[in-house]
Amino acid sequence: MATISQFIGHSAQSPAQVLTHPRIDPDEYPAFAASASALKKDVRVAYDDALKQVQDSERANDHFFLDRAREYVELNEQVETSTALLTDLSAFLSTFQRDLSAVSGHISELQGRSKTIEGRLAARKAVESSLQPLLSSIILPPPLLQTLLTTPVSNDWIEPITALSSLLSSIRSGPRVASRKSLDDAAEAIRIHCASSILTHLLNLLKPFTIALPSLTTLQSSTLIPQKPLFDFLRSHAPLQAHEFQKAYSSTVRWYYETGFRRYVRSLEKIRVRSKVVTELIGNAKEVPALSLLKKPDHHLLPQQQSNTPLDYAQVEGPGVVMGFMSSDSSFKPSCEALFRSISVVLLDNATSEYSFLSAFFGEHSALPSLGSGMGGSMMSLTSPDGGLGDNESESGRTSVGGRSLKDERSEKLRKTILDGLWKGVMDPALEYCQNFVTALLDPASLPSPITLLTMIILTERIIVTASTQCPSLETHLVSLRLLLWPAFSKAMTANVESVQKINAPGGVFGKGVKDSQVKGVSVRYVDMFNEMVRIWDGREEGEEMVFSSALRLRQEIDKLLVFQAQKIADPAKQKAFLHTHYEEIMSALSAGLSTNLRSQKEVSHYRELIRKLG
């Protein structure tokens, strides 16, 4: 049932609701009586008031909405625009959702592939430690290439060239695959450039020695030895260039030694001719003083050389050698053994120095690995230290002998053979000049005395011992000298024996005219020669029989000479006295020598026995 407020239109409802309210049934009027009474006015008046109130409110609302009509229109347009945007956004979101679904599928696929890649990466990390050294061994660092390609060859190249050699060996030792062709081409270009630059640099170091004679030791020890890694690079990676430098060095230094020894031997020859003295034989029939000719001072020697004995000249570490400039001093006349020692010691010094350098520079290969085939043909030179010994030898070829394999033994033997050939190629002219000079010293027309020859022999033997450890290649030359000296010594001793034979018999050429003073001189000369032989040969066993067998022949002739001279005396007692006196003098002179030597003691015993037999 409606209330009175609804009836008169005064209610909380909106005017539109009141106006549109359904018409109230008249039968319901009594129900509104109480409410109408509460209004304290006529219902019609209340209705009019309510209606007016509603109309005023509507007019106010109309004015309100009319004042804001533009805003409502704009707001409506914004709403429509927003609605359109929302529609587009909805379509975009729909498309994005479809794309997102596709992306989600791709992500799932990528996640699967990622897991596969992670598995492969984990597997590759397991071999990373073994691959890293390989990669580092074939990478050519830019700083190294910049040094080798843009700077001239010098000592600054030593470290880079060593590193490059190792890298080239690593590159060349890898498998031959098509993907490595560019790396091989680059490595080959760098190798060719470095080999050409190093060869030019090393050849330039030899040029001063083709026109003058500067210090060879300075070139070898101060220049070439410090730069040996450069040559080792050529030997490992450019054998042809290494062999070319080896030949250039050999020919240059050969000329150097040939010129030096020619000048030195020419000076010694000038001194030899000036100092030439005819050796007086023991059996010379001229009357001679009892003073030993072996102990006469040589006034033609320098003051510091006058005190030197033949034994001094038999020492490797002995008196100073004769210098070339001394040939200009016409008063300088050294002994034959002094000249022999000078040429021998000078040859030994130069030969050992050159052999040591050749062994260190050409003979000793550094740790740089060789490329073998593919980098140049094999050559019989020190540029191929393996000497052609292949790796395909049998197991028996690698059997250890004394801690060294047979391959090592053969390689070492071949290395020494090649080194010997290189040394001879350098030193042959010097050896020839020395040989010719020694031959001139042993001229049969003016053969040196036996003591001088013994001095030469002992010096040669001692030089052989020194050369056996310091320069084995020199031994052949020294042995040939020894083969010249021993026959010369034998010939000299034979000449002395024959000189005594001429006067020790009644049928001799000079026997009848020999005086007692001459016999005494002959005996004194013999004693001095024997004592000097003992001093020189003391402590040596090799060749002792050859030396003292010749001395024994001479002693026998001396004994015959004394007996022959005594037989000229008619009185037997005076004969015995003559022999006794000479035997005593000889025995006393022999005892004054090296009395501890067994040969001296035997010689003294011989004359003591002769005295005993005289009675």
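Residues numbered from 1 in each chain as written. Predicted model: local features only at pLDDT ≥ 70, side-chain atom pairs only at ≥ 80, totals over all residues. Heavy atoms only, no water.

A. Structural context of the overall build of the chain. For the chain, the count of helices and strands is 21 helices and two strands. Scored against the burial criterion, the 615 residues of the chain give a buried share of 38%. Within the chain, contacts between residues at least 6 apart in sequence are counted, and of these 77% link residues at least 24 apart. As presented, the chain carries roughly 33,900 Å² of accessible surface, and 57% of it is formed by carbon and sulfur atoms. (Helix = DSSP H or I, 4+ residues; strand = E, 2+ residues; numbered from the N terminus. Buried < 20%, exposed > 50% of the residue type's maximum accessible area, 1.4 Å probe, protein only. Contact = heavy atoms within 4.5 Å. Areas by Shrake-Rupley, 256 points an atom, 1.4 Å probe, with all protein chains shown as cover.)

B. Looking closely at the packing of helix H15 (residues 406-441) against helix H17 (residues 475-501). For the pair H15 and H17, the least separation of the axes is 11 Å and the interaxial angle reads 15°. The angle between the axes of H15 and H17 places the two elements in the roughly parallel class. In the packing of H15 onto H17, the handedness of the crossing is right-handed. Across the interface between the two elements, Lys424, Leu431, Cys434, Gln435, Val438 and Thr439 from H15 touch Thr476, His477, Ser480, Leu481 and Leu484 from H17. For the contact of H15 with H17, the per-class residue count stands at five nonpolar, five polar and one charged. (Axes fitted to C-alpha atoms, helices over the stretch in contact; angles between N-to-C directions. Parallel < 35°, antiparallel > 145°, perpendicular 65-115°, else oblique. Left-handed = near helix turned anticlockwise from the far one by under 90°. Nonpolar A, V, L, I, M, F, W, Y, C, P; charged D, E, K, R; others polar.)

C. Region of interest: empty space enclosed by the protein. Following the criterion strictly, the structure yields one cavity of 30 Å³ or more and no others. When its volume is computed, the largest cavity comes out at roughly 40 Å³. Lining the largest cavity are Ile343, Ser344, Leu347, Cys434, Val438, His477, Leu478 and Leu481. Those elements giving two or more residues to the lining of the largest cavity turn out to be helix H14 (336-363), H15 and H17. Looking at the lining of the largest cavity residue by residue, the class counts come to six nonpolar, two polar and no charged. (1 Å grid on protein atoms, 1.4 Å probe; cavity = no way out; pocket = protein on both sides within 12 Å on 5 of 7 lines; lining within 4 Å. Points joined across faces, edges and corners; volume = space filled by probe spheres on them.)

D. Layout of the environment of Thr83. Relative to the helices and strands, Thr83 resides in helix H5 (residues 69-125). By relative accessible area, Thr83 is classed as partly exposed at 43%. Within the local environment of Thr83, its side chain forms a polar contact with the backbone oxygen of Val79, the two atoms lying 2.6 Å apart. (Polar contact = N/O pair within 3.5 Å; in protein donor to acceptor, adjacent residues only side chain to side chain.)

E. Spatial organisation of the environment of Glu159. With respect to the element layout, Glu159 can be found in helix H8 (residues 158-173). Under the relative-accessibility criterion, Glu159 is labelled exposed at 66%. Considered as a pair, Glu159 and Pro229 are 70 residues apart in the sequence and their alpha carbons are 8.5 Å apart.

F. Structural detail: the nonpolar core. Residues Leu164, Phe245, Leu474 and Met533 are the most contacted members of the largest nonpolar core, which totals 126 residues. Other than its neighbours up to four places away in sequence, Leu164 contacts Leu140, Leu144, Leu148, Ile190, Cys194 and Phe233. (Core = buried A, V, L, I, M, F, W, Y, C linked by side-chain atoms within 4.5 Å.)

G. Seen up close, the packing of helix H16 (residues 450-470) against helix H18 (residues 516-537). Two elements in contact, H16 and H18, have axes separated by 10 Å at closest approach and are oriented at 5°. By the criterion of interaxial angle, the relationship of H16 to H18 is roughly parallel. Seen from H16, the contacting residues are Pro450, Ile451, Leu454, Thr455, Ile457 and Ile458; seen from H18, they are Met529, Glu532, Met533, Ile536 and Trp537.

H. Quick look at a negative patch on the surface. Side chains of Glu71, Glu74, Glu77 and Glu80 sit close together on the surface and give a patch of like negative charge. Following the sequence through the fold, Glu74 ends up in helix H5. Its relative accessible area of 41% is what places Glu74 among the partly exposed residues. (Patch = residues over 30% accessible without salt bridge, like charges linked within 9 Å, V, L, I, M, F, W, Y side chains within 5 Å. Salt bridge = Lys/Arg side-chain N within 4 Å of Asp/Glu carboxyl O. Lys, Arg positive; Asp, Glu negative; His and termini not counted. Charge placed at Lys NZ, Arg CZ, Asp CG, Glu CD.)

I. Structural view of the confidence of the model for the chain. Residue-level pLDDT values for the chain average 79, and 81% of them are 70 or greater. This stretch, residues 10-20, has a pLDDT under 50; its non-local contacts, to residues over four places away or in other chains, come to 11 contacts. Under a pLDDT of 50 for its full length, residues 288-306 has, in the predicted model, 30 contacts with residues more than four places off or in other chains. (pLDDT = per-residue confidence, 0-100.)

J. Up close: the packing of aromatic side chains. Taken as a whole and judged by the stated rule, the model has 20 aromatic pairs. On the basis of an interplanar angle of 70° and a centroid distance of 5.8 Å, the ring pair of Phe530 and Phe548 is categorised as edge-to-face. Of this pair, Phe530 sits in helix H18 while Phe548 is found in helix H19 (residues 544-566), placing the two residues 18 residues apart along the sequence. The class of Phe548 is buried, set by a relative accessible area of 6%. An aromatic cluster of three or more residues is present, and its members are Phe231, Phe245, Tyr249, Phe357, Phe361 and Phe362. (Phe/Tyr/Trp six-rings, centres within 6.5 Å; stacked < 30°, edge-to-face > 60°.)

K. Geometry of H15. For H15, built from 36 residues, the straight-helix expectation of 52 Å at 1.5 Å per residue is missed by more than 12%, its first-to-last C-alpha distance being only 46 Å. Taking the largest bend as the criterion, H15 deviates by roughly 60°, centred on Met427, and proline Pro429 comes between one and four positions later. (Expected span 1.5 Å × (residues − 1). Bend = angle between axes of the 7 residues up to and from the residue.)

L. Quick peek at the side chain of Arg555. For Arg555, the position within the fold is in helix H19. For Arg555, a relative accessible area of 13% puts it in the buried group.

M. Expanded view of the pattern of salt bridges. Counted under the stated rule, the structure contains 13 salt bridges. Across the pair Asp420 and Lys424 runs a salt bridge whose closest N-O atoms are separated by 3.3 Å. Here Lys424 and Asp420 lie together in helix H15, a separation of four residues that amounts to about one turn. With a closest N to O distance of 3.1 Å, Arg482 and Glu461 form a salt bridge. Separated by 21 residues along the polypeptide, Arg482 in helix H17 and Glu461 in helix H16 bring together distant segments of the chain. Several salt bridges share partner residues, and in doing so they unite Lys228, Asp232 and Arg235 into one network.

N. Here's a closer look at a nonpolar patch on the surface. On the surface, a nonpolar cluster with roughly 750 Å² of combined accessible area is contributed by Leu86, Leu89, Phe92, Leu93, Phe96, Leu100, Val103 and Ile107. You can see Ile107 is positioned in helix H5. A relative accessible area of 41% places Ile107 in the partly exposed class.

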